[in-house]
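Here is how the chains run, residue by residue.
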Amino acid sequence: MEFRGRRNASREKEDGARPMRNIKHNEVMQVGDKIWLPVSIAEMRISKRYDTIPSGTLYPNADEIAYLQRLVRFKDSAIIVLNKPPKLPVKGNVPIHNSMDALAAAALSFGNDEGPRLVHRLDRETSGLLVMGRTKESIDHLHSVFSDYKGRNSSCKAWNKSCEAMYQQYWALVIGSPKEKEGLISAPLSKVLLDDGKTDRVVLAQGSGFEASQEAITEYRVLGPMINGCSWLELRPITSRKHQLRVHCAEALGTPIVGDYKYGWFVHKRWKQMPQVDIEPTTGKPYKLRRPEGLDIQKGSVLSKVPLLHLHCREMVLPNIAKFLHVLNQQETEPLRTGIIDKPDLLRFVASMPSHMKISWNLMSSYLV
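Looking up the protein chain in an unreviewed UniProt entry gives the name RNA pseudouridine synthase 3, mitochondrial isoform X2, with the organism given as Camelina sativa. One UniProt comment on the protein chain, placed under Catalytic activity (unreviewed entry), says "a uridine in RNA = a pseudouridine in RNA".

Structure follows, in structure tokens:
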């Protein structure tokens, strides 16, 4: 890079002003040298380069900020709720430029000194509702709410009751159909290291007592009949374990999630090789997979050769953290303000499915009950 206008201050006194010249990147600066920068560079906001395309930095550009803010579904003084798209990493082991935690600090501060922080995780390929805390107090309470204890350790009965009512609900398209239409999966999980020594995999614990395992519980319900070899499930995790829903679907139910090649690779191969034609429950005639008129078949749907993961956090009910921060911190002699008392104890959020799941839903949901 060349900059115009390097002058030597000592020579300037002797000979007067000297004309400016271009300097090269490998020139060595001397004491007293001055550099004149173009106005476009001098006025650039170096601390947070929102208007430039970053290269190897953690600062998003204007387009990334606008995109991330469009994902926001709810915002108050305590939390931000987003509808996370698939393939957007939430947090990496090393700084990733486009990960949610890296972008949120700059894009989702909304006037606060610091950006929001993650309080729970979604896999990179999973879409849906993601909650972030905006203050230290709200982050602490959210961590307790998303833990297995559900935050029920307060003297405030309304808070404990709201924590008990908290739940997350996922929708998933799976290959096959569970034998029972609804049930409770209680299958502990453990982590094993693969032969390469780097990659780990979550599996059902064998119960031998020689391996570390964690309790994992999931409620499930089948949403309708099997169509073309697939079924839609509603999943509610009672515990929060890594890959819990994916492993429970694949190994406990024997119905891996469409697009989950880590835990359902062999079933995917058989599913593609053996297309099925099912019977319509209303007429008894063979069901043919229909393409709605005018529908664009996008990459990643159930018709794609390589479908994306069909797992979406669709619904969530949370305690109203902004309200309870006032309730839990108030003095016994201080009455709550009218505006705070009138706020609901619970907040409910629903997030629309990503495009590839919407297409699969439209194609296969004619007879959902």
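Caption draft 1: Inspection of the overall build of the protein chain at higher detail. For the protein chain, the helix and strand inventory stands at 11 helices and 16 strands. Across the 369 residues in the protein chain, those meeting the buried criterion constitute 43%. Summarising the internal contacts of the protein chain: among those between residues at least 6 apart in sequence, 64% fall at separations of at least 24. For the protein chain, the computed accessible surface area is about 21,400 Å², with 51% contributed by carbon and sulfur atoms.

Caption draft 2: Expanded view of the nonpolar core. Ranked by internal contacts, the top residues of the largest apolar core, which has 64 residues, are Ile79, Leu108, Val131 and Leu235. In terms of residue count, the dominant contributor to this core is helix α9 (residues 321-329) (five residues). Setting aside residues up to four positions removed in sequence, Val131 forms contacts with Ile79, Ile80, Val81, Val119, His120, Leu142, Phe146, Met316 and Leu318. Of all hydrophobic cores here, the second largest spans 15 residues; its members include Leu173, Ile175, Val302 and Met364.

Caption draft 3: Structural detail: the packing of aromatic side chains. Counting across every chain of the model gives five aromatic pairs. A centroid spacing of 5.1 Å and a plane angle of 50° characterise the contact between Phe74 and Phe349, whose relative ring orientation is tilted. Highlighted residues: Phe74 in strand β5 (residues 72-75) and Phe349 in strand β16 (residues 346-350), separated in sequence by 275 residues. With a centroid separation of 6.2 Å and an interplanar angle of 70°, the aromatic rings of Tyr261 and Trp265 are classed as edge-to-face. Of the two residues, Tyr261 and Trp265 both sit in helix α8 (residues 261-273), four residues apart, roughly one turn of that helix.

Caption draft 4: View of the environment of Ser231. Summarising the element assignment, Ser231 is placed in strand β14 (residues 230-237). The class of Ser231 is buried, set by a relative accessible area of 0%. In this structure, the C-alpha to C-alpha distance between Ser231 and Leu173, residues 58 residues apart in sequence, is 5.7 Å. With residues up to four places along the chain from it excluded, the contact list for Ser231 reads Ala172, Leu173, Val174, Gly176, Ser177 and Met226. Polar side-chain contacts of Ser231 include one of 2.8 Å to the backbone oxygen of Gly176. Here the side chain of Ser231 touches Ser177 through a polar contact of 3.5 Å, side chain to side chain.

The rules behind each value
- Residues numbered from 1 in each chain as written.
- Predicted model: local features only at pLDDT ≥ 70, side-chain atom pairs only at ≥ 80, totals over all residues.
- Heavy atoms only, no water.
- UniProt positions renumbered as here; feature names shortened; annotations may be inferred.
- Helix = DSSP H or I, 4+ residues; strand = E, 2+ residues; numbered from the N terminus.
- Buried < 20%, exposed > 50% of the residue type's maximum accessible area, 1.4 Å probe, protein only.
- Contact = heavy atoms within 4.5 Å.
- Areas by Shrake-Rupley, 256 points an atom, 1.4 Å probe, with all protein chains shown as cover.
- Core = buried A, V, L, I, M, F, W, Y, C linked by side-chain atoms within 4.5 Å.
- Phe/Tyr/Trp six-rings, centres within 6.5 Å; stacked < 30°, edge-to-face > 60°.
- Polar contact = N/O pair within 3.5 Å; in protein donor to acceptor, adjacent residues only side chain to side chain.

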